[in-house]
Amino acid sequence: MAPDVAHTPQEEVEEIEFHLLLEAIFSRYGYDLRGYAPASLRRRVLAVLAKSGLGNLGELQHRLLSDPSLFADVLDDLTVHVSELFRDPGFFRVFRERVVPVLRTYPLVKIWHCGCGTGEEVYSSAIVLSETSLYERTQIYATDVSPGALDAAREGVYSTEQVETFAENYARAGGVGKLSDYCTDGYGRIALKEPLRKNVLFFQHDLVSDQVFGEMHVVFCRNVLIYFGHDLKSRVLAKLARSLCPGGFLCLGSSERLARPGEWGFTEFAADVSIYRR
Ligand SMILES: C[S@@+](CC[C@H](N)C(=O)[O-])C[C@H]1O[C@@H](n2cnc3c(N)ncnc32)[C@H](O)[C@@H]1O
């Protein structure tokens, strides 16, 4: 593959090694990072190289091919897991006030959080569903490609450093109680309470290569597509459209938009907070 940007001979070599590394990861482990947005992925690969203490990407490739446990750690480093409870409160307010009333018309609700990261988004929606008396008839699937992120999501334990932000987000999202009602705290950490996990299934799923499950009423795919290149983004959006039942909701991140309304059969529902309807 021709280098995307190459200035010096050394950069040109690095660019070739970068593409070879992605091919090697795909051949050896089946994770296909080749369609990710190259500039940000390259930055993360170079950060992994710096952390490894190895001399160049060729050496890193050799180590990764021969050491599956190292690869598991590297996969966690190559994916970005930044999140917050009630991240983008305006989104969660619209979810509560406009999406939940529609969901209420279904006897059973199925929600898929793909790219759920470390779980904050899943617990946020579980809290909204509890406060609107919908949680008991909802099944939530929470998936991510990264095993490390999924472990953290299952645990649901977060640093108290951000607790004020979380509580403000919760209030701005229309929360009717106190965030502290849903967690216990101690030793600088808050732990989300067990009942919020009751109807959640956490498991590994790769949006690039795995099939999707059908008949979802809501798919959250927030702040995931930004890491994908244009073609991969289109392929994944087509998969998400297939996963939703007619009338189902697609929730994207605040900086993620469909290029054209009507794409993959979606119409705008609340385009200002990136909610679309199939
Ligand atoms: C920034 S986090 C978003 C977390 C949460 N959705 C939010 O908005 O706060 C992006 C997540 O996408 C996941 N991800 C990246 N590539 C993926 C793929 N191919 N399949 C599934 N998840 C993926 C990463 O592991 C990471 O946890």
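Bear in mind the structure is a predicted one, so any value in this text is a computation, not a measurement. (Residues numbered from 1 in each chain as written. Predicted model: local features only at pLDDT ≥ 70, side-chain atom pairs only at ≥ 80, totals over all residues.)

Undergrad: Just checking my understanding: could you explain unusual backbone geometry for this structure?
TA: Leave glycine aside and you will find that most residues have negative phi; peptide bonds, for their part, are mostly trans. Even without being glycine, Ser133 reaches a positive phi, approximately 60°. Relative to the helices and strands, Ser133 resides in the loop between helix H6 (120–131) and strand S2 (138–144). The exposed category is assigned to Ser133, around which 10 C-beta atoms lie within 10 Å. The residue Trp264 is not glycine, and still its phi comes out positive at about 50°. (Helix = DSSP H or I, 4+ residues; strand = E, 2+ residues; numbered from the N terminus. Buried ≥ 20, exposed ≤ 12 C-beta atoms within 10 Å, placed from the backbone.)

Undergrad: Before we go on, may I ask you to explain the domain arrangement of the chain in this structure?
TA: You'll often see interface size given as the accessible area lost when the parts meet. As far as domains go, the chain holds domain 1 (9–78) and domain 2 (89–277). Using C-alpha coordinates to define each centre, domain 1 is positioned 30 Å away from domain 2. Counting from both sides, the interface comprises eleven residues of domain 1 and, opposite them, twelve residues of domain 2. At the level of secondary structure, the elements contributing two or more residues to the side of domain 1 that touches domain 2 comprise helix H2 (38–52) and helix H4 (68–78). Among the elements that make up the side of domain 1 that touches domain 2, the one with the highest residue count is H4 (three residues). For the side of domain 1 that touches domain 2, a count of residues per class yields six nonpolar, three polar and two charged. (Domains from an automatic or database assignment. Contact = placed C-beta atoms within 7 Å. Nonpolar A, V, L, I, M, F, W, Y, C, P; charged D, E, K, R; others polar.)

Undergrad: It is not clear to me how the site of the ligand should be interpreted in this structure. Could you clarify?
TA: Around the ligand, the surrounding shell holds 24 residues, and the nearest of these are Thr79, Ser83, Gly115, Gly117 and Leu207. Residues that form the shell around the ligand fall into these classes: ten nonpolar, eight polar and six charged. (Near = placed C-beta within 6 Å.)

Undergrad: Could you clarify how one ought to interpret the sheet that holds strand S4 (residues 183–186) in this entry?
TA: What links the strands of a sheet is backbone hydrogen bonding, and the strands pair in either a parallel or an antiparallel sense. The antiparallel open sheet is built from three strands, whose spatial order is S3-S5-S4. Each edge of the sheet is formed by a strand with only one pairing partner; in this case those strands are strand S3 (157–159) and S4. Within this sheet the neighbouring strands show an average axis-to-axis angle of 25°, counted without direction. Pairing between S4 and strand S5 (residues 189–192): four bridges, direction antiparallel. What sits directly across from Cys183, in S5, is Leu192. (Pairing = 2+ DSSP bridges. Axes fitted to C-alpha atoms, helices over the stretch in contact; angles between N-to-C directions.)

Undergrad: I would appreciate a short explanation of helix H5 (residues 89–103) in the present structure.
TA: Because each turn of an α-helix spans 3.6 residues, side chains separated by three or four positions in sequence point in the same direction. With 15 residues, H5 should cover 21 Å at 1.5 Å per step; its first-to-last C-alpha distance of 20 Å lies within 8% of that length. At Phe95, H5 is bent by approximately 35°, the largest bend along its length. Looking at H5, one finds that the buried residues are Pro89, Phe91, Phe92, Val94, Phe95, Arg96, Val99 and Leu103. (Expected span 1.5 Å × (residues − 1). Bend = angle between axes of the 7 residues up to and from the residue.)

Undergrad: How do you make sense of the nonpolar core when you look at a structure like this?
TA: Side chains that are nonpolar tend, in soluble globular proteins, to be buried together. Counting residues in hydrophobic clusters, the biggest one holds 73 residues, and the most contacted among them are Val122, Ala126, Val218, Val219, Cys221, Leu250 and Cys251. Here this core spans two domains, since at least three of its residues come from each of domain 1 (9–78) and domain 2 (89–277). The residues touching Ala126, leaving out its near neighbours within four places in the chain, are Tyr135, Ile140, Leu196 and Val200. (Core = buried A, V, L, I, M, F, W, Y, C linked by C-beta atoms within 7 Å.)

Undergrad: So what exactly am I meant to see when it comes to the sheet that holds strand S1 (residues 109–114) here?
TA: Ordered by their spatial adjacency, seven strands build an open sheet running S6-S2-S1-S7-S8-S10-S9, and the pairing between neighbours is mixed. A single partner strand is all that each edge strand has here, and the edge strands are strand S6 (200–204) and strand S9 (267–270). Sheet twist, expressed as the mean angle between neighbouring strand axes with direction ignored, is 20°. Two elements, S1 and S2, share six bridges in a ladder whose sense is parallel. The residue bridging Ile111 from the neighbouring strand is Ile140, located in S2. Docked against the sheet, helix H7 (residues 147–155) engages S2 and S6, running at close to 165° with respect to S6.

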